[in-house]
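Structural features, examined
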Amino acid sequence: MPSAGQKITEIPALAHFLDIQSLTNEQFWGLLHLARQLKEERLRTGRNAPILAGKALAMIFEKPSLRTRVSFEMGMQHLGGHALHLSSVEVGLGKRESAPDIARVLSGYVDGIMARVFDHKHVLELAEWGSVPVINGLSDLSHPCQALTDIFTLWEQLGNLTGLTVVYIGDGSNNVATSLLEAGGKVGMVMRIVAPVGYQPDPALIAQTDADVTVTDDLDGVIGADVLYTDVWTSMGQEAQHARHVADLSAYQINAQLVAHTRNHDVKVMHCLPAHRGEEITDDIADGVGANSGDSLLFAQAHNRLHAQKAILAHLLGGVPLG
Ligand code: CP
Ligand code: NVA
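Structural notes, computed from the coordinates. As a convention, each chain's residues are numbered from 1 in the sequence order in which they are written. Lettering for chains starts from A, numbering for ligands starts from 1, and both go in the order in which the items are written. Residue-level local features of this predicted model are given only where pLDDT is at least 70; pairs of side-chain atoms are given and counted only at 80 or more, and the full residue set underlies all totals for whole chains, interfaces and linings. Each side-chain value is worked out from all heavy atoms of the structure, with water and hydrogens disregarded.

Overview of the overall build of the protein
Which entries qualify depends on this criterion: For the purposes of this entry, the term helix denotes a DSSP run of H or I that reaches at least four residues, the term strand denotes a run of E that reaches at least two, and both are numbered from the N terminus. A simple rule labels every residue: compare its accessible area, found with a 1.4 Å probe on the protein chains alone, to the largest value its type can have, and call it buried under 20%, exposed over 50%, or partly exposed in between. The contact rule is simple, with two residues in contact once any of their heavy atoms fall within 4.5 Å. Here the accessible surface of atoms and residues is derived via Shrake-Rupley with a 1.4 Å probe, and residues count as covered only by protein chains that are part of the display. Asp and Glu are treated as the negative residues and Lys and Arg as the positive ones, with His and the ends of the chain left uncounted. In this description, the location of a charge corresponds to atom NZ of lysine, CZ of arginine, CG of aspartate or CD of glutamate.
Along its length, the protein carries 12 helices and 10 strands. C-alpha atoms of the protein, sized along the principal axes, occupy 55 × 55 × 40 Å. Within the span of the protein, comprising 323 residues, buried residues form 54% of the whole. Residue pairs at least 24 apart in sequence account for 75% of intrachain contacts in the protein once pairs closer than 6 positions are excluded. In the form shown here, the protein has an accessible surface area of approximately 13600 Å², with 53% of it arising from carbon and sulfur atoms. A distance of 8 Å separates the average location of the 23 positive side-chain charges in the protein from that of its 36 negative side-chain charges.

Structure below.
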């Protein structure tokens, strides 16, 4: 308890959740603690307090989704609120109607907007022009909801995150890799990107993160990994480049040989899903079966999307403080 006269330092509230880098370490940890609290409440009592009763979230999807769509919708329901799914055909973001106009219209109907977009500029415009919180549900640049979940999952599994060596292998330039790098920096993890030239993160982006980052195209970069992470080689919207990406990245598959090469039989294996099994990851590793399969966290990650996103919703739409 603070003594009389002692100032309590509050963690500043977030206006939006657009990327990881714009959060302070304290805000990031605040969301992790809130996610843990909401998960424990749900597991212990079978329910969450209806802190979002009467609140609505509009969800704009320009791309397909399973996890993001269902976990946000169920998250709103668990917290007593309501979610509306708006497809790109209905909304026509930037085509039928501009992002600034959509933001101003939706702000009169709902209490928050979650958007999955092709062009990151559109989530920024929704946040700038609307008067309700905006959540980035994946853009060409970043996937912050996924990164929050992934760190939450590692924290839950391993306890201590400081100094943990996380190796991201494959397309190290994509949205998931970018947000993971940023998140790793927030919690003191050691980040390695193992990817060929052309699939490595932008050095300017690395310079902005607080992370200890090494980038290499050498597969020896996986040696000593505590965590091996991968994602699809062809992200949504890049389908025309699929054959070239497969040819360029085929040596960077997570398979039994690569897991053995980490020299860590218990290496945690992560993937945001959906997986292109047989491309970036083999079935045995994804399912965690057989010798040299490591410890697959794929479905723990997927399930934790629900809890991590409830924390974002509870804070942004429900005003629950971060500490
Ligand atoms: N990981 C993830 O965002 O999954 P969806 O594309 O199914 O939402
Ligand atoms: N990098 C992938 C992530 C999917 C959740 C994509 O953008 O398609």
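Still to come is the rest of the account.
A few points about the pattern of salt bridges
Selection criterion: Basic side-chain nitrogens of Lys or Arg form a salt bridge, by our definition, when they fall within 4 Å of a carboxyl oxygen of Asp or Glu.
Taken as a whole and assessed by the stated rule, the structure comprises 8 salt bridges. Residues Asp-101 and Arg-104 are paired through a salt bridge, measuring 2.8 Å at the closest nitrogen-oxygen approach. Residue Asp-101 and its partner Arg-104 are located together in helix α4 (residues 99–106), separated by 3 residues, close to a single helical turn. Using a relative accessible area of 33% as the deciding quantity, one classes Asp-101 as partly exposed.

So, the sheet that holds strand β9 (residues 268–271)
Within a sheet, each strand pairs with its neighbour through backbone hydrogen bonds, oriented either parallel or antiparallel. Note the following rule: Pairing between two strands requires that DSSP report at least two bridges joining them. For helices, the axis comes from a line fit to the C-alpha atoms of the stretch in contact; other axes are also lines fit to C-alpha atoms, and the angle between any two N-to-C directions lies between 0 and 180 degrees.
In spatial order, the strands read β7-β6-β5-β8-β9-β10; together these 6 strands make up an open sheet with parallel pairing. With one partner strand each, in any of the chains shown, β7 (212–216) and β10 (295–296) form the two edges of the open sheet. Where strand β5 (residues 165–169) meets strand β6 (residues 190–194), 5 bridges bridge the pair, whose relative direction is parallel. Directly across from Val-166, in β6, lies its bridge partner Met-191. Contacts from helix α12 (residues 298–316) reach β8 (227–230), β9 and β10, with the element oriented near 50 degrees to β9.

A short note on the site of ligand 1
To keep it simple, the criterion reads: Definition of nearness: a residue and a molecule or strand are near each other if at least one heavy atom of the residue lies within 4 Å of the molecule or strand. Identification of polar contacts relies on pairs of N or O atoms within 3.5 Å, with a donor-acceptor requirement for protein atoms, meaning one able to donate a hydrogen and the other able to accept it, and with residues adjacent in sequence counted only if both atoms are side-chain atoms. Each residue gets one of three labels, nonpolar for Ala, Val, Leu, Ile, Met, Phe, Trp, Tyr, Cys and Pro, charged for Asp, Glu, Lys and Arg, and polar for the others, Gly among them.
Near ligand 1, the surroundings consist of Ser-65, Leu-66, Arg-67, Thr-68, Arg-116, His-143, Gln-146, Cys-272, Leu-273 and Arg-305. At a separation of 2.7 Å, an oxygen atom of ligand 1 approaches a polar side-chain atom of Thr-68. Contacts to ligand 1 include His-143, whose side-chain N or O atom sits 2.8 Å from an oxygen atom. Coverage of ligand 1 by the protein amounts to 96% of the 260 Å² it exposes when considered alone. Looking at the shell around ligand 1, its residues break down into 3 nonpolar, 4 polar and 3 charged.

Overview of the site of ligand 2
Inspection of the region around ligand 2 gives Leu-138, Asn-174, Asn-175, Val-176, Asp-231, Val-232, Ser-235, Met-236 and Leu-273 as its neighbouring residues. In the model, a nitrogen atom of ligand 2 is placed 2.6 Å from a nitrogen or oxygen of the Asp-231 side chain. For ligand 2, a nitrogen atom lies 2.7 Å from a polar atom in the side chain of Ser-235. Protein contact buries 95% of the 270 Å² of open area that ligand 2 shows by itself. Each residue belonging to the shell around ligand 2 can be placed in one class, and the counts come to 5 nonpolar, 3 polar and 1 charged.

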